[in-house]
Amino acid sequence: MIKAIVDNLRGLWSLLVGLHITGRFGLGPFPVWLGLKEPESGYPQLTTHYPWKTVDDADLVTFRGPLELVPSEEDPRRSKCVSCLMCVRACPSSCLTVVKGGQGKAPAVWLNDFTLCSLCGTCVEVCPAGALRFSHDLYWVAEKREDLVNDLLARLAGAAPEKARL
Amino acid sequence: MDISLLNVIKLLLALLAIIVLLVLNSVVMVWLERKAAGFVQRRPGPYVVGPHGLLQTVADSVKLLAKQIVLPGSSDRLLFLSAPVLAMFPMFLIFLVIPYGPWLTGLEVNLGLLLILAFTGLETLAVIAGGWASNNKYSLIGAARCVSQSVAYEIPLILALLALAFMCGSLDLTVITEAQSGWVWRWNIFRQPLAFFIFVITCFGETNRAPFDLPEGESELTGGYHTEYSGMGFALFFMAEYTSMMLVSFLAAVLFFGGSNGPFINGFWWTFLKMGLFMTFMIWVRWTFPRVRFDQLLNINWKWLLPLGLLNLWVTAVVLKLF
Amino acid sequence: MSNLFVNPFHFSTISENPADMLGDFYSLNFEKGRVDPDSMILNLGPQHPSTHGVLRILAELHGEYVLRAEPVLGYLHRMHDFMGQVKTPYQFLPNTGRVDYLHPVAWNWAYCGALERLAGLEVPERAEYLRIICCELNRIASHVMWWGAFVMDLGGFTPILYAFEEREKINDLLQIVTGSRLTMNSMRFGGMGADLDDRFLQKAADFIPYMRERLKMYDRLVTGNVIFRRRLEGVGPLDEEICRRYGATGPVLRGAGVAYDVRRAEPYGLYDRFDFEIPVAESPDCLGRYLVRLREIEESLKIVEQALARIPAGPYKHPKAPKVSWKPPAGEAYFAVEGGRGKIGIHVVSDGGKSNYRLKLRAPGFSNLSLFAEAARGTLLADALAILGSLDLVIPEVDR
């Protein structure tokens with residue numbers, strides 16, 4: 001009986017401890033707003049408040065965004081791709097379409113179906129010419145399924161359709 | 001009470017004011033709840049609609065109003081549709097008798113406390129009706145839980161409030177408020193701390209709020225008694241929850257925190273301020289604790305609160321007799 | 001011919017009671033085994049807040065008591081085993097990250113390890129350290145997520161968002177190495193896909209003391225909480241015997257008091273060089289499993305700390321590592337790693353062809369879930385869901 005009472009009193013204390021923790025977090029934003037505290041990381045919030053803020057480019061160095069072609073040294077509007085089709089053969093999800101027939105070895109068509117792509121990076125690794133890389137295009141959205149088929153040559157040439165950004 | 005034209009007009013005006021109060025309360029409290037939850041969880045909460053999301057609830061209620069009320073197959077139509085109304089309707093009457101300020105009471109009755117306790121039970125009826133009529137197993141379990149929960153919690157609640165009534169010698173809320181006038185330590189929370197403790201716990205049980213939100217219990221029963229409700233039916237149940245929250249907060253303010261008596265310049269603003277603080281406390285608790293299990297809930301009540309309430313009542317009676 | 005004249009609007013199997021019309025193969029089959037004629041059969045899931053995914057549980061209830069429960073699987077079956085047999089080994093690599101979305105690095109490792117063992121490939125030391133760092137960080141993220149989700153199962157909503165804070169930080173770290181935040185696919189046969197940089201080392205060094213502080217907060221907010229403790233103490237005891245019968249591994253088995261951990265029992269990688277303990281619960285109930293996981297986070301932090309201090313310079317991938325078009329030699333190999341949920345085993349058989357001849361994935365979640373039917377018998381509905389939560393199920397892994 002006495003043990004049960006002591007247990008319950010301890011339990012009530014633990015409830016107060018819990019309230020203290022959540023209360024401290026809950027009141028966190030107020031000192032910052034009142035100018036009493038520096039807006040240290042985390043107050044009032046920890047995550048990136050997306051439409052108002054975006055992620056730092058420094059945090060995206062290794063991020064795997066949708067594929068893009070690496071521009072060649074001579075002409076930044078042209079890719080390094082030599083149309084060897086290694087990537088097409090290596091792709092586990094068959095999301096690449098490369099058609100030969102550009103000037104010299106350059107491809108005529110280079111499509112990446114982003115609805116299928118799993119960003120595994122096999123194509124990037126297999127490419128003998130180093131013509132592929134991951135972009136850091138974090139906020140790419142599309143309204144139609146067709147819009148997700150990325151024309152990488154057009155994108156490289158800077159004529160890619162205006163990306164819908166929120 | 002004489003039934004004169006003036007009284008009737010006054011009553012109608014009071015009812016109108018109460019409807020406005022309840023709707024406003026729901027709108028503000030839903031925003032506050034979401035915002036407080038956001039702050040506790042270190043996110044901004046509603047942010048986009050209006051400044052700091054103030055109009056979010058308005059937008060949500062417009063959406064809920066416009067939504068179709070889906071009737072589940074083989075449900076009891078009449079009960080299903082009337083349950084949300086039944087949950088909301090008795091609330092209007094209860095708010096009539098609460099003394100918001102010295103001159104601000106809808107209907108002065110000398111059995112105010114009794115009336116409130118009697119009418120709060122009606123919400124349970126609505127929950128049973130809704131849970132039964134939905135023809136859904138989750139709703140049924142939720143309704144069954146609600147019944148045993150409110151039966152369990154109303155007895156200690158009444159015992160705790162009875163001790164207050166003993167002390168003040170009246171069931172009239174105005175008299176109880178006046179008895180606490182003077183200075184802060186005349187508030188009942190200092191004179192009846194045990195009763196206040198029981199009252200706080202039973203509040204959460206009565207209003208089906210976490211950690212006693214077993215009738216809803218979304219991790220077990222998906223939505224409990226309102227699983228099948230959509231649109232305005234759901235909104236009314238939601239409103240009823242916030243209204244009963246406001247009710248117990250007003251009760252706490254009036255019965256334990258001296259009602260309209262403040263440290264300085266008495267007036268209705270004190271009642272509302274105390275009510276708001278108590279509601280914030282309820283929100284704070286909700287976003288901190290996990291849910292208790294059903295048998296534990298009944299244990300807390302029958303094995304701890306009921307004896308405590310009886311003890312408190314007995315001690316109060318003895319002390320009153322001796323001094 | 002007589003079939004033509006059957007009234008098409010007459011369904012003989014449907015009775016007049018509309019409640020009997022409902023039900024598919026599983027629920028009708030389940031109903032046949034009714035223990036109690038007055039019981040109620042409740043279908044939890046596939047969409048239910050507590051099943052965390054698309055697990056479905058059929059439960060026979062008497063009041064709030066669960067008389068019988070039966071998990072129904074297969075709502076997220078994607079044939080990963082078979083995909084491993086039609087794709088080349090390299091092409092299957094991204095799949096491994098998708099089997100268990102909370103601990104993808106361990107699956108990566110299991111698959112790479114199996115093929116490395118099959119072909120006798122060497123892994124450079126730096127790559128081994130990188131694997132350990134990634135795997136342990138990912139294990140912390142997995143356990144932390146479980147912690148939040150478990151408390152949410154019990155009705156406390158706030159902890160899961162605190163858990164997400166830690167997960168975000170770990171994801172920021174792992175993103176530097178793996179490039180992605182969820183279905184990580186960073187390992188390659190014979191090493192890693194990418195190296196880490198100084199930024200990673202600095203961030204990781206900052207993370208370890210931060211996480212230790214947060215663990216103290218977890219203890220005060222949740223572990224010490226009286227409501228939480230009473231929900232878990234003595235609930236769902238799973239002893240050594242039931243774990244053995246169903247093949248449960250990981251924290252479930254360690255919660256039963258058996259100090260079995262693949263990292264110690266059959267050391268892989270360089271785990272035998274690290275100093276860490278294998279936490280074992282004092283009581284085999286839900287609280288025991290909970291405490292085991294929290295202590296495992298601490299042990300993982302210890303491993304990460306040691307690995308960061310000792311990581312050698314060198315290549316992150318063996319110079320003779322196989323290319324994308326690699327064909328493994330004929331043979332067979334089995335490789336097991338310790339995942340967040342238990343023993344992950346991959347058995348690969350190759351006939352020297354382009355793709356694996358046979359691939360078998362052993363998911364710990366599947367074995368752990370199997371004991372649920374027995375463990376839930378006779379418990380309250382809320383307790384049954386607490387037991388389900390304490391098993392730490394990831395449905396994609398269970399169904400594969």
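Note that the structure is a prediction, hence the values are computed from the model and not measured. (Residues numbered from 1 in each chain as written. Chains lettered and ligands numbered in written order. Predicted model: local features only at pLDDT ≥ 70, side-chain atom pairs only at ≥ 80, totals over all residues. Heavy atoms only, no water.)

Draft legend 1. Seen up close, the pairing of strand 3 (residues 107–113) of chain A. All names here are of chain A. Bridge count between strand 2 (residues 96–100) and strand 3: five bridges; the pairing is antiparallel. Residue pairing in the sheet places valine 98 in a bridge with tryptophan 110 of strand 3. Sheet topology note: the strand 3/strand 5 (residues 149–151) ladder contains three bridges and is antiparallel. Residue pairing for strand 5: leucine 111 is matched across the bridge by aspartate 151. (Pairing = 2+ DSSP bridges. Helix = DSSP H or I, 4+ residues; strand = E, 2+ residues; numbered from the N terminus.)

Draft legend 2. Expanded view of the interface of chain B and chain A. Taken together, the contact between chain B and chain A spans 16 residues of the former and 23 residues of the latter. A combined buried area of about 1600 Å² lies between chain B and chain A, and 77% of that area is made up of carbon and sulfur atoms. By the criterion of area lost to chain A, the three top residues of chain B are Phe39(B), Arg42(B) and Trp304(B), representing 43% of everything that side buries. For the pair chain B and chain A, the number of links is zero salt bridges. (Contact = heavy atoms within 4.5 Å. Buried area = accessible area lost by both parts, 1.4 Å probe. Salt bridge = Lys/Arg side-chain N within 4 Å of Asp/Glu carboxyl O.)

Draft legend 3. Seen up close, the sheet that holds strand 3 (residues 65–72) of chain C. A sheet is described by the order of its strands in space; here three strands give the open sequence 1-2-3 (chain C), paired in antiparallel fashion. Of all strands in the sheet, those bounded by a partner on one side alone are strand 1 (40–44) and strand 3 of chain C. Between one strand axis and the next, the sheet turns by 20° as a mean value, whatever way the strands run. Bridge analysis of strand 2 (residues 56–62) of chain C against strand 3 of chain C gives seven bridges, and the strand direction is antiparallel. What sits directly across from Ala59(C), in strand 3 of chain C, is Ala69(C). This element, helix 5 (residues 137–168) of chain B, spans strand 1 and strand 2 of chain C of the sheet and lies at about 110° to strand 1 of chain C. (Axes fitted to C-alpha atoms, helices over the stretch in contact; angles between N-to-C directions.)

Draft legend 4. Up close: the packing of helix 1 (residues 5–40) of chain B against helix 2 (residues 56–66) of chain B. Residue and element names in this part refer to chain B. Viewed as axis vectors pointing N to C, helix 1 and helix 2 meet at an angle of 115°, and their least axial separation amounts to 8 Å. The two elements helix 1 and helix 2 meet at a crossing, and its hand is right-handed. In this structure, helix 1 uses Ser26, Val27, Val30, Trp31 and Arg34 to contact helix 2, whose residues at the interface are Gln56, Thr57, Val58 and Asp60. Of the residues that constitute the contact of helix 1 with helix 2, the class distribution is four nonpolar, three polar and two charged. (Left-handed = near helix turned anticlockwise from the far one by under 90°. Nonpolar A, V, L, I, M, F, W, Y, C, P; charged D, E, K, R; others polar.)

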